Amino acid sequence: MNDCIFCKIVDKEIPAEIVYENEEVVAFNDINPQAPVHVLIIPKKHIPTLNNIVGEQKKLIGEILLVAQKIAREKGIAERGYRTVFNCNADAGQDVFHIHLHLLGGRKMTWPPG
Ligand code: AMP
Ligand code: ZN
(Lines give C-alpha, C1' and ligand atoms only; values in the text may rest on other atoms or scores of the structure.)
(Ligands and ions follow the chains in the order given, each with its own letter.)
Protein backbone atom coordinates (compact mmCIF):
# COMPACT_ATOMS: atom_id res chain seq x y z
CA MET A 1 0.00 0.00 0.00
CA ASN A 2 1.32 3.40 -0.98
CA ASP A 3 0.81 6.10 1.64
CA CYS A 4 2.53 8.80 -0.40
CA ILE A 5 0.45 11.99 -0.37
CA PHE A 6 1.77 13.11 -3.76
CA CYS A 7 0.97 9.74 -5.36
CA LYS A 8 -2.56 10.29 -4.03
CA ILE A 9 -2.67 13.68 -5.76
CA VAL A 10 -1.47 12.01 -8.99
CA ASP A 11 -4.24 9.40 -8.63
CA LYS A 12 -6.83 12.12 -7.75
CA GLU A 13 -7.51 10.38 -4.43
CA ILE A 14 -6.98 13.68 -2.64
CA PRO A 15 -7.73 17.10 -4.12
CA ALA A 16 -5.17 19.64 -5.27
CA GLU A 17 -5.28 22.83 -7.32
CA ILE A 18 -3.75 21.34 -10.44
CA VAL A 19 -2.29 23.99 -12.74
CA TYR A 20 -0.78 21.66 -15.36
CA GLU A 21 -0.73 17.95 -16.15
CA ASN A 22 0.64 15.75 -18.90
CA GLU A 23 1.51 12.05 -19.23
CA GLU A 24 4.62 12.34 -17.09
CA VAL A 25 4.13 15.17 -14.61
CA VAL A 26 1.58 17.03 -12.50
CA ALA A 27 1.91 20.60 -11.21
CA PHE A 28 -0.26 21.99 -8.41
CA ASN A 29 -0.35 24.91 -6.00
CA ASP A 30 1.48 24.39 -2.72
CA ILE A 31 -0.99 24.11 0.17
CA ASN A 32 1.18 26.43 2.31
CA PRO A 33 2.52 28.97 -0.19
CA GLN A 34 5.75 30.78 0.63
CA ALA A 35 5.40 33.30 -2.21
CA PRO A 36 2.58 34.69 -4.38
CA VAL A 37 3.40 31.91 -6.88
CA HIS A 38 4.30 28.60 -5.24
CA VAL A 39 3.74 25.60 -7.47
CA LEU A 40 5.05 22.06 -7.00
CA ILE A 41 5.96 20.07 -10.10
CA ILE A 42 6.17 16.32 -9.59
CA PRO A 43 6.71 13.23 -11.71
CA LYS A 44 3.74 10.86 -11.79
CA LYS A 45 6.20 8.10 -11.00
CA HIS A 46 7.09 7.78 -7.31
CA ILE A 47 10.74 8.71 -6.76
CA PRO A 48 11.55 9.36 -3.07
CA THR A 49 14.47 11.80 -3.30
CA LEU A 50 16.87 13.33 -5.77
CA ASN A 51 19.36 10.68 -4.63
CA ASN A 52 17.17 8.03 -6.26
CA ILE A 53 17.23 9.48 -9.77
CA VAL A 54 18.91 7.29 -12.39
CA GLY A 55 20.29 8.11 -15.82
CA GLU A 56 17.26 6.88 -17.72
CA GLN A 57 15.17 9.53 -15.90
CA LYS A 58 17.20 12.41 -17.40
CA LYS A 59 14.37 13.25 -19.77
CA LEU A 60 11.81 13.22 -16.97
CA ILE A 61 13.85 15.67 -14.89
CA GLY A 62 14.26 17.90 -17.95
CA GLU A 63 10.50 17.75 -18.48
CA ILE A 64 9.92 18.94 -14.89
CA LEU A 65 12.16 21.96 -15.56
CA LEU A 66 10.42 22.75 -18.86
CA VAL A 67 7.05 22.63 -17.12
CA ALA A 68 8.41 25.04 -14.47
CA GLN A 69 9.49 27.40 -17.27
CA LYS A 70 6.06 27.17 -18.92
CA ILE A 71 4.17 27.86 -15.68
CA ALA A 72 6.52 30.77 -14.84
CA ARG A 73 5.67 32.32 -18.22
CA GLU A 74 1.94 31.73 -17.75
CA LYS A 75 2.01 33.27 -14.27
CA GLY A 76 3.91 36.30 -15.58
CA ILE A 77 7.03 35.86 -13.46
CA ALA A 78 9.48 34.60 -16.09
CA GLU A 79 11.08 37.96 -16.80
CA ARG A 80 11.14 39.29 -13.23
CA GLY A 81 12.56 36.01 -12.05
CA TYR A 82 11.74 33.03 -9.90
CA ARG A 83 13.39 30.30 -7.89
CA THR A 84 13.27 26.53 -8.40
CA VAL A 85 14.25 24.20 -5.58
CA PHE A 86 14.47 20.45 -5.03
CA ASN A 87 14.93 19.80 -1.31
CA CYS A 88 16.76 16.53 -0.65
CA ASN A 89 16.62 14.79 2.74
CA ALA A 90 16.86 16.14 6.27
CA ASP A 91 19.36 19.00 6.01
CA ALA A 92 17.36 20.58 3.20
CA GLY A 93 14.07 20.10 5.10
CA GLN A 94 12.45 17.61 2.71
CA ASP A 95 9.07 16.69 4.23
CA VAL A 96 7.40 14.80 1.39
CA PHE A 97 9.40 11.88 0.00
CA HIS A 98 8.18 12.03 -3.59
CA ILE A 99 10.42 14.40 -5.51
CA HIS A 100 8.94 17.79 -6.24
CA LEU A 101 10.34 20.93 -7.78
CA HIS A 102 9.25 24.07 -5.95
CA LEU A 103 8.57 26.99 -8.31
CA LEU A 104 8.53 30.19 -6.26
CA GLY A 105 8.02 33.72 -7.52
CA GLY A 106 6.10 36.96 -7.41
CA ARG A 107 8.29 38.51 -4.74
CA LYS A 108 11.94 39.36 -4.28
CA MET A 109 13.90 36.38 -2.96
CA THR A 110 16.82 36.54 -0.57
CA TRP A 111 20.11 34.70 -0.80
CA PRO A 112 21.49 32.65 0.86
CA PRO A 113 18.36 30.61 1.58
CA GLY A 114 17.60 29.76 5.21
P1 AMP B 1 9.45 19.80 1.06
O2 AMP B 1 9.72 20.42 2.40
O3 AMP B 1 10.44 20.24 0.00
O4 AMP B 1 9.30 18.30 1.13
O5 AMP B 1 8.09 20.43 0.57
C6 AMP B 1 6.86 19.80 0.74
C7 AMP B 1 5.83 20.81 0.30
O8 AMP B 1 4.62 20.14 0.06
C9 AMP B 1 5.54 21.90 1.34
O10 AMP B 1 5.79 23.18 0.75
C11 AMP B 1 4.07 21.70 1.67
O12 AMP B 1 3.38 22.90 1.93
C13 AMP B 1 3.57 20.99 0.44
N14 AMP B 1 2.41 20.12 0.63
C15 AMP B 1 2.24 19.16 1.56
N16 AMP B 1 1.06 18.56 1.41
C17 AMP B 1 0.46 19.15 0.34
C18 AMP B 1 -0.80 18.97 -0.32
N19 AMP B 1 -1.69 18.05 0.09
N20 AMP B 1 -1.09 19.77 -1.36
C21 AMP B 1 -0.22 20.70 -1.78
N22 AMP B 1 0.99 20.91 -1.20
C23 AMP B 1 1.31 20.16 -0.15
ZN1 ZN C 1 4.70 9.16 -4.31
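Here the structure is a predicted model, which is why all the values come from computation and not from measurement.

1. Brief notes about the site of ligand 1
Around ligand 1, the surrounding shell holds 16 residues, and the nearest of these are Asp30, Gly93, Asp95, His100 and His102. Ile31 places a main-chain nitrogen or oxygen 3.1 Å from a nitrogen atom of ligand 1. In this structure, an oxygen atom belonging to ligand 1 sits 2.9 Å away from a side-chain N or O atom of Asn87. Calculation on ligand 1 without its partners gives an accessible area of 510 Å², and the protein chains cover 85% of this total. Its atoms largely coinciding with the cavity grid, ligand 1 occupies the largest pocket. Counting residues per element, the ones that place at least two in the shell around ligand 1 are helix H1 (5–10) and strand S2 (25–29). For the shell around ligand 1, the element with the highest residue contribution is H1, accounting for three residues. Residues belonging to the shell around ligand 1 are distributed by class as follows: seven nonpolar, seven polar and two charged.

2. Section: the environment of Lys70
Tracing the sequence through the fold places Lys70 in helix H2 (residues 58–74). Using a relative accessible area of 32% as the deciding quantity, one classes Lys70 as partly exposed. Linking Lys70 and Tyr20, residues 50 residues apart in sequence, is a C-alpha distance of 9.5 Å.

3. Some points on the side chain of Arg83
In this fold, Arg83 is placed in strand S4 (residues 82–85). From its side chain, Arg83 meets the backbone oxygen of Thr110 in a polar contact 3.0 Å long. The residues touching Arg83, leaving out its near neighbours within four places in the chain, are His102, Leu103, Leu104, Met109, Thr110, Trp111 and Pro113.

4. Structural notes on the coordination of the zinc ion (ligand 2)
Protein ligation of the zinc ion (ligand 2) involves Cys4 (SG), Cys7 (SG), His46 (ND1) and His98 (ND1), the donor distances falling in the range 2.0 to 2.3 Å. Coordination at the zinc ion (ligand 2) is tetrahedral: its four donor atoms span angles of 106 to 117° at the metal. In primary sequence terms, the donor set of the zinc ion (ligand 2) follows C-x2-C-x38-H-x51-H. Here His46 lies in the loop between strand S3 (37–43) and H2 and Cys7 lies in helix H1, a separation of 39 residues in the sequence.

5. Observations regarding the layout of surface pockets
Regions of empty space are outlined by a rolling probe, equal in size to a water molecule, passed over the atoms. There is about 820 Å³ of room inside the largest pocket. Only H1, S2, S3, S4, helix H3 (89–92) and strand S5 (101–105) provide two or more residues apiece to the lining of the largest pocket. The greatest single-element share of the lining of the largest pocket, amounting to three residues, is contributed by H1. Looking at the lining of the largest pocket residue by residue, the class counts come to 16 nonpolar, ten polar and six charged.

Rules behind the numbers
Residues numbered from 1 in each chain as written. Chains lettered and ligands numbered in written order. Predicted model: local features only at pLDDT ≥ 70, side-chain atom pairs only at ≥ 80, totals over all residues. Heavy atoms only, no water. Near = heavy atom within 4 Å. Polar contact = N/O pair within 3.5 Å; in protein donor to acceptor, adjacent residues only side chain to side chain. Areas by Shrake-Rupley, 256 points an atom, 1.4 Å probe, with all protein chains shown as cover. 1 Å grid on protein atoms, 1.4 Å probe; cavity = no way out; pocket = protein on both sides within 12 Å on 5 of 7 lines; lining within 4 Å. Sits in = over half its atoms within 2 Å of the grid points. Helix = DSSP H or I, 4+ residues; strand = E, 2+ residues; numbered from the N terminus. Nonpolar A, V, L, I, M, F, W, Y, C, P; charged D, E, K, R; others polar. Buried < 20%, exposed > 50% of the residue type's maximum accessible area, 1.4 Å probe, protein only. Contact = heavy atoms within 4.5 Å. Donors = N, O, S within 2.8 Å, 3.2 Å for Na, K, Ca; no water. Tetrahedral: all angles 85-135°; square planar, octahedral: opposite > 155°, others 65-115°. Points joined across faces, edges and corners; volume = space filled by probe spheres on them.

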